[in-house]
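# Summary of structural features
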Amino acid sequence: MPPAHARESRARLPALVLLLGALFAGGVRAQDAAKPAPQGPPAPPSAQPGDRPIVRAIIVQGARRYTQEQLVRALGQEVGQPFDRERIDRGIDTLLKAFKVRADVEGREVPDGVELRMNVVELPVDLEPRFAGNRDIDVETLRRWAHLDEKSELYLNQAERVRQRLLEGYQQEGYYYAEVDIQKRGEDPASGETPDVIFEIREGPQVRVKEIVITGNHSLPETGSLWWKDGIVHLAKTELDGPWIFNVRGSKYVEETLQADLLAMREVYRDLGWLDAVVEKDFLEFNDDRTGVVIHIKVDEGEPYTVSKLSIRGVKRKAKPNARDVDDAIEEDEPLYFDQEQLLALCKLTAGMRYQRARQRTDAAELRKFYGRRGYLSHYSLDRFDQFSVLEPELVFDRTGHKVEVCYKLQQGRQRYIREVLFSGSEFTRDRVLRREVDVLPGHVADAEEINRSLSRIYGTNYFSDEGHPYDHREPNYRFLPTADPKWLDLMYEVEEGRVVDFNINGGIDSNNGLVGRLSLQMRNFDAQNPPSSFWSTFSEIYDKQAFHGAGQTLQLDLAPGTLYNQARIRFVEPDLFGTQFDRYGLDVSLSTTRRLWRFYTENRAGATVRLSRDFGRNLTLYGGVTTQGLDITGVDLPLGGIHPPDEPALPPALAEEVGQSALNGLTFDLRYLDLDNRINPYEGLSVNWRNAWFGGPLGGNWDFLRSQLDLDAFFVLGHREEEQAQPHWHASVGLGIADPLGSTSAVPYTERFYLGGLTTLRGFANRGVGPNTRGEPDGGETMLDATLEYQIPISTQTEPGSYRERETFRFLLFADAGVLDPDAYHLDFSELRSSVGFGLGMAYPLPINLYFGFPTRRGDGDRRQTFGFNISAFGF
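Notes on the structure follow. (Residues numbered from 1 in each chain as written. Predicted model: local features only at pLDDT ≥ 70, side-chain atom pairs only at ≥ 80, totals over all residues. Heavy atoms only, no water.)

Before going further, it helps to examine the environment of V139. The topology assignment puts V139 in helix α4 (residues 139-145). Overall, the relative accessible area of 40% leaves V139 in the partly exposed class. Residue contacts for V139: discarding those within four places in its chain leaves F131 and N134. (Helix = DSSP H or I, 4+ residues; strand = E, 2+ residues; numbered from the N terminus. Buried < 20%, exposed > 50% of the residue type's maximum accessible area, 1.4 Å probe, protein only. Contact = heavy atoms within 4.5 Å.)

An order of β16-β18-β17 is seen for the three strands of this open sheet, with the pairing classed as mixed. The outermost strands of the open sheet, each flanked by one partner alone, are β16 (417-424) and β17 (477-482). Across this sheet, the average inter-strand angle for adjacent strands is 25 degrees, counted without regard to direction. Of the pairings in the sheet, the one linking β17 to strand β18 (residues 488-494) comprises six bridges and is antiparallel in character. Across the sheet, residue L481 finds its bridge partner in β18, namely D490. (Pairing = 2+ DSSP bridges. Axes fitted to C-alpha atoms, helices over the stretch in contact; angles between N-to-C directions.)

Glancing now at the sheet that holds strand β9 (residues 208-215). Taken in spatial order, the three strands line up as β9-β11-β10 in an open sheet, and their pairing is mixed. Sheet topology places β9 and β10 (278-286) at the edges, where each strand pairs with a single neighbour. Recorded for the sheet is a direction-independent mean angle of 20 degrees between the axes of neighbouring strands. The pairing of β10 with strand β11 (residues 292-300) spans eight bridges and is classified as antiparallel.

Let us now look at helix α3 (residues 85-99). Its 15 residues give α3 an end-to-end C-alpha distance of 20 Å, which sits within 8% of 21 Å, the value for a rise of 1.5 Å per residue. All of the buried residues along α3 are I88, D89, G91, I92, L95 and F99. All buried residues of α3 lie within an arc of 160 degrees about the axis, which places them on one face of the element. Away from its buried face by more than 90 degrees, α3 exposes E86, R90, K97 and A98. Put simply, D84 is the residue that caps the front of α3, since its side-chain oxygen is 3.3 Å from the backbone nitrogen of E86. (Expected span 1.5 Å × (residues − 1). Arc of directions from axis to C-beta. Polar contact = N/O pair within 3.5 Å; in protein donor to acceptor, adjacent residues only side chain to side chain.)

Looking now at the nonpolar core. Ranked by size, the top nonpolar core spans 24 residues in total, and within it I232, Y253, M265, Y269, I295 and I297 carry the most contacts. When residues of this core are traced back to their parent elements, those giving at least two are β9, α6 (232-236), α7 (255-271), β10 and β11. Apart from the residues within four sequence positions on either side, Y269 is in contact with N217, L220, I232, W274, A277, V279, V299 and E301. (Core = buried A, V, L, I, M, F, W, Y, C linked by side-chain atoms within 4.5 Å.)

This next bit is on the side chain of Q629. Relative to the helices and strands, Q629 is located in strand β25 (residues 620-634). Residue Q629 is classed as buried on the basis of its relative accessible area, which comes to 16%. A polar atom in the side chain of Q629 sits 2.4 Å from the side chain of R605. For Q629, the side chain forms a polar contact with the side chain of T627, separated by 3.3 Å. Excluding anything up to four places from it in sequence, Q629 contacts R605, A606, G607, S662, A663, L664 and N665.

So, on to the side chain of S590. By the element assignment, S590 lies in strand β23 (residues 585-597). Setting aside chain neighbours within four positions, we find S590 in contact with I570, R571, G607, A608 and T609.

Turning to the environment of A726, a few remarks are in order. Along the chain, A726 turns up in the loop between β28 (705-716) and β29 (729-741). Distance from A726 to P794, taken between C-alpha atoms, is 6.5 Å for residues 68 residues apart in sequence. Excluding anything up to four places from it in sequence, A726 contacts Y683, P794, T797, E806 and E808.

Contact geometry of α7 with helix α9 (residues 357-373) gives a least axis separation of 6 Å together with a crossing angle of 65 degrees. Between α7, through E267, R270 and D271, and α9, the contact on the second element is made entirely by R357, A358 and R361.

Attention shifts here to the pattern of salt bridges. Per the counting criterion, the structure on display carries 43 salt bridges. Among the salt bridges present, the one from D181 reaches R202, with a minimum N-O distance of 2.8 Å. Residue D181 is found in strand β7 (residues 179-185), and its partner R202 is found in strand β8 (residues 196-202); the two are separated by 21 residues along the sequence. Classification of R202 by relative accessible area gives partly exposed; the value is 38%. Two residues, E494 and R479, come together in a salt bridge whose shortest N-O distance is 2.5 Å. In this pair, E494 is assigned in strand β18 and R479 in strand β17, connecting sequence segments 15 residues apart. Classification of E494 by relative accessible area gives buried; the value is 11%. Taking the relative accessible area as the measure of exposure, R479 reaches 28% and is therefore partly exposed. (Salt bridge = Lys/Arg side-chain N within 4 Å of Asp/Glu carboxyl O.)

Take unusual backbone geometry next. Negative phi values dominate among residues other than glycine, just as trans dominates among peptide bonds. At R290, a residue that is not glycine, the phi angle is positive and equals roughly 60 degrees. Tracing the chain through its elements places R290 in the loop between β10 and β11.

Turning our attention to helix α2 (residues 68-75). Restricting attention to buried positions, one finds in α2 the residues L71, V72, A74 and L75. Burial along α2 is one-sided: seen end-on, the buried residues are contained in an arc of 160 degrees. Of the exposed residues in α2, those oriented more than 90 degrees away from the buried face are E69 and R73. Considering only its buried residues, α2 is in contact with β1 (55-61), α3, β2 (101-110) and β3 (113-122).

Here the focus is the packing of aromatic side chains. Tallied over the full model, the rule gives 39 aromatic pairs. Arranged with centres 6.1 Å apart and planes meeting at 85 degrees, the rings of F338 and Y376 form a pair that is edge-to-face. One end of the pair, F338, is in the loop between β13 (329-334) and α8 (340-344); the other, Y376, is in the loop between α9 and β14 (389-398), and 38 residues separate them in sequence. Considered together, F338 and Y376 belong to a single accessibility category, that of buried residues. A cation over an aromatic ring shows up here: R290 above the ring of Y177, its NZ or CZ 4.2 Å from the ring centre. The ring of Y755 carries the charged tip of R768 above its face, separated from the ring centre by 4.0 Å. (Phe/Tyr/Trp six-rings, centres within 6.5 Å; stacked < 30°, edge-to-face > 60°. Lys NZ or Arg CZ within 6 Å of the ring centre and 35° of its normal.)

All right, on to the pairing of strand β20 (residues 514-526) then. Judged from the 10 bridges that link them, strand β19 (residues 501-510) and β20 form a sheet pairing that is antiparallel. The partner of V501 across the bridge, within β20, is M523. The hairpin formed by β19 and β20 contains three residues between the paired strands. Looking at chain direction, β20 and strand β21 (residues 553-560) are connected through seven bridges and run antiparallel. Within the sheet, the bridge partner assigned to L521 lies in β21 and is L557.

Structure representation (structure tokens):
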């Protein structure tokens, strides 16, 4: 029987043979750095770590830039540990990628183990690559383009990649003719010289777009200019453009950007039904010095496709086994939950109409809204196979007849109910502040429309917004949480506390009030019952939202200096005084001082008002309160230089009684009803404002009288309202006012009477230029009636990209105004009726401007005319 050590040597021999085979394979692999190494023969299945030979030494040959310790550490194989073939393979890859060293490893048997020999070849490297010929682009920018900004060395095998990056950088900056060559010196590793790489650059001129000429776009021609452009370029939101007011040199010409613009144009045509449209670059027309280019684009629209048939079917989906794509699902037909004709009636796309993907998206939104109101929800937080979804429609094309058969596929899901409404993220805001904006009630069907309306109201509070850091701030959103019963869900609104203090500067100008600026400091989501812990920590605690924050109140300070009108005001609003959340009570307290310069006197007014409000639903609010105001009429300049016949008063009688200081103390009662489709530019809806005040009586003051004013505004469209289109529409308004002196007061104060004329009533007459007058100066009236009828016509529209909805940019309007003032209460003398007609021009975007031209058709003695009036609503920063 052989000795024990001989038996061990024979037992170890197969493993050593395998080791040497593996090392040989690894060496062959390492000689070609561009190809992955083939794996050596696998170890026998029965081999254990203890069967592998121990590495006794690692010898490195060929290293110049790196030490032996650095290279061995990167290899990963430790001396004194069993040989690990997989670790060595990974180490060889690491040496090439991180150290730019090609390595092969050989092994030979030594007593009690194996010795490894690592032969390395360090790739040639330029310690400081150079650039030559660059005139416009500095070296720092070139290094950034080449990704060499953090390290200076460049391995020669990377030179071609760097050259390509430099070309791409130049092309992105508009250097269409740029060229880059590589000059290499000392590339032979055996010479031991440090190689040198020089990038020779020929920049050429920077090319700017001078014009984009499109031919063949007969259906979507280019119209308008500046901000009011329309056509294929506007709809595609292309990036390349010729010179204009904010870029007088034109866009830098970038071929990659042009190709993206062409693709966007093709998609617009497909959205609008031209499914065979071709949009491509025709040719480039460069000027003599090659600094400018006219891009010629050719469009072949083809024929638009029409819808031959529209149908809707229900489907049920489930995931395919082992499917990698989340949308890879098995579909099965299921009956529609609602009558197909009822669903088809919601769709804008109908048989015989031109096929438009925009209308298809509108139909999907309408179907989603219909199902959503009934509890069939669509939301990212729900199982994608167990929620409502409008899937990609089935389209069957007739290429010869240019027709398409459309079938909408609805994954209907299941009807859901709300178990509980929750909130998260409102770290400092009280729960009731959020709940008062939410009309979704536990136990009810999950109405998706009401859920989204509640989210809009939360967003509209501005308590959870931060315009200063929009990318770092999460806007309000919601998600659904599952419960044990899949029909019931918890609704979670997620918010993040917003900016505490807003400071705004804006202003406006019009022909009534002159130029007015406004500085506003507002603390929204204010809490008057949460003061700071100490005076010294006030600012830090307010900034951190730990003081004066979280109750949903508003504290606002305004300063409005102007040429004719000046105001300073501080206002506090508590919208939910008793925490009732629904049909809530509110409190509004304000202190203000104003100064108004009129034609022949100055009105100074300082006052305080406290109002309580009560909401009835979301549209109707009642207000009741008390007000006290101090008036001071100064600077009276007598008309006609103070020369008057002895039998005529020098001033309007009511004004003569009010000159100097006086006090107004009264009770107020107001009503507001507001139901408009759009508060900025309404097409349909009704607005009612009724303001009432009783001055004097038990509250004292210098005057006793009642004042009531009712204003109604109705907006309507004759015929069918197309939400996607800017249509002609009507605006009708009626105003009625009565002021009645009481007790010892013989006439209502001059400043509290009614007046007509100016921008809002009886255009064509000057501000306060209508009615009874004394020497051409208005007396005002105690009874007033006015009416307006406007027909507003969009004359220039801009189509919103993506939605393809029309947005008014310019508007033309025709108007007829009428009104009458009477010096006595509860009496109207229609023989004193005044009227005017005229027209106006309005710009809605980018700056709201209205111009009016009014022409009186019925005038009275002493009336003052003003044909032109204007208004610039607001500008700011």
